[in-house]
Amino acid sequence: DIQLTQSPSFQSASIGDRVTITCRASQGISDSLAWYQLKPGKAPRLLIYDTSTLQSGIPSRFSGSESGTEFTLTISSLQPEDFATYYCQPLYGYPQFTFGPGTKIDIK
Amino acid sequence: QLQLQESGPGLVKPSETLSLTCTVSGGSIRSSSHFWGWIRQPPGKGLEWIGSVYYSGSTYYNPSLQSRVTIAVDTSKNQFSLRMNSVTAADTAVYYCARVAYSTRYYLDYWGQGTLVTVSS
């Protein structure tokens, strides 16, 4: 089975920090990725799709990139509303989904 | 603005059937450009995709759940539904419905708020 990993699994950060989350697979999965933000009691939010395309309405401090088999979500300047858990999801050519294990960003 | 809302019992007994409905508003479930999906998150764990349905009724299921799951669409009510039989405590989770969009690949662009389903006697 393909194993998805995210690093870090947990990070304490401060307002204004630059935060980087990485998603990797044990073997090649896809050439494209999406990122989601989850908060308790709220609807999950799509941040990025097609690796680097910002979803409509998402602030520009969020960005996505790729280097080889490693995908990255960057928050350039962390805001109070960004404390949440983030999940990566490889994109496939059929409507089936797997998700990374998640990265929780907490207040330092 | 597209909105999705899950509804259904919050408590289900072991061995019984879990039934949830997702009501779509602000858009049509008959969209030829979208699928509709169910995803769940057990307490303290990550996300697990359950299945996806097209307005025509075509479905894709997670192989690990396929034997117990049925996803259907009701275009007259702009709703789609999830049925999972023979539930156990391991099926306790927040269940989300979502819209499946397509660019070069498939992703989930709108989600419901989720509903907690507890399996317990």
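Up top is the structure.
Residues numbered from 1 in each chain as written. Chains lettered and ligands numbered in written order. Predicted model: local features only at pLDDT ≥ 70, side-chain atom pairs only at ≥ 80, totals over all residues. Heavy atoms only, no water.

Draft legend 1. The arrangement of the sheet that holds strand S10 (residues 103–107) of chain A in detail. All names here are of chain A. Pairing within the open sheet is mixed, and its 6 strands lie in the order S2-S10-S9-S4-S5-S6. Strands with a single pairing partner mark the edges of an open sheet, and in this sheet they are strand S2 (10–13) and strand S6 (53–54). Pairing of strand S5 (residues 45–49) with S6 involves 2 bridges; the strand directions are antiparallel. Each residue of the ladder has a partner; that of Tyr 49, found in S6, is Thr 53. (Pairing = 2+ DSSP bridges. Helix = DSSP H or I, 4+ residues; strand = E, 2+ residues; numbered from the N terminus.)

Draft legend 2. Focus on the pattern of salt bridges. Residue and element names in this part refer to chain B. Under the counting rule described, the total for this entry stands at 7 salt bridges over all chains. In this structure, Arg 99 and Asp 109 form a salt bridge, with 2.6 Å as the shortest nitrogen-oxygen distance. With Arg 99 in strand S9 (residues 93–102) and Asp 109 in strand S10 (residues 106–111), this pair connects stretches of sequence that are 10 residues apart. You can call Arg 99 buried: its relative accessible area is 14%. Its relative accessible area of 10% is what places Asp 109 among the buried residues. Salt bridges sharing partners connect three or more residues here, namely Arg 40, Glu 48, Arg 68 and Asp 91. (Salt bridge = Lys/Arg side-chain N within 4 Å of Asp/Glu carboxyl O. Buried < 20%, exposed > 50% of the residue type's maximum accessible area, 1.4 Å probe, protein only.)

Draft legend 3. Seen up close, unusual backbone geometry. Cis geometry is adopted by the peptide bond preceding A:Pro8, which originates at A:Ser7 and carries an omega value of -5°. Mapped onto the elements of the fold, A:Pro8 is located in the loop between strand S1 (4–7) and S2. In the Ramachandran plot, B:Ser86 falls in the positive-phi region, its phi being about 50° despite a non-glycine side chain. Mapped onto the elements of the fold, B:Ser86 is located in the loop between strand S8 (79–84) and S9. Taking relative accessible area as the criterion, B:Ser86 reaches 42% and is therefore assigned partly exposed.

Draft legend 4. Quick peek at the interface of chain A and chain B. With 24 residues of chain A at the interface, the matching set in chain B holds 22 residues. In this assembly, chain A packs against chain B so that about 2,000 Å² is buried in total across both faces, 64% of it on carbon and sulfur atoms. When the buried area of chain A at its contact with chain B is split by residue, A:Pro95, A:Phe97 and A:Phe99 rank highest and sum to 30% of it. Counting the contacts that link chain A with chain B gives 0 salt bridges. (Contact = heavy atoms within 4.5 Å. Buried area = accessible area lost by both parts, 1.4 Å probe.)

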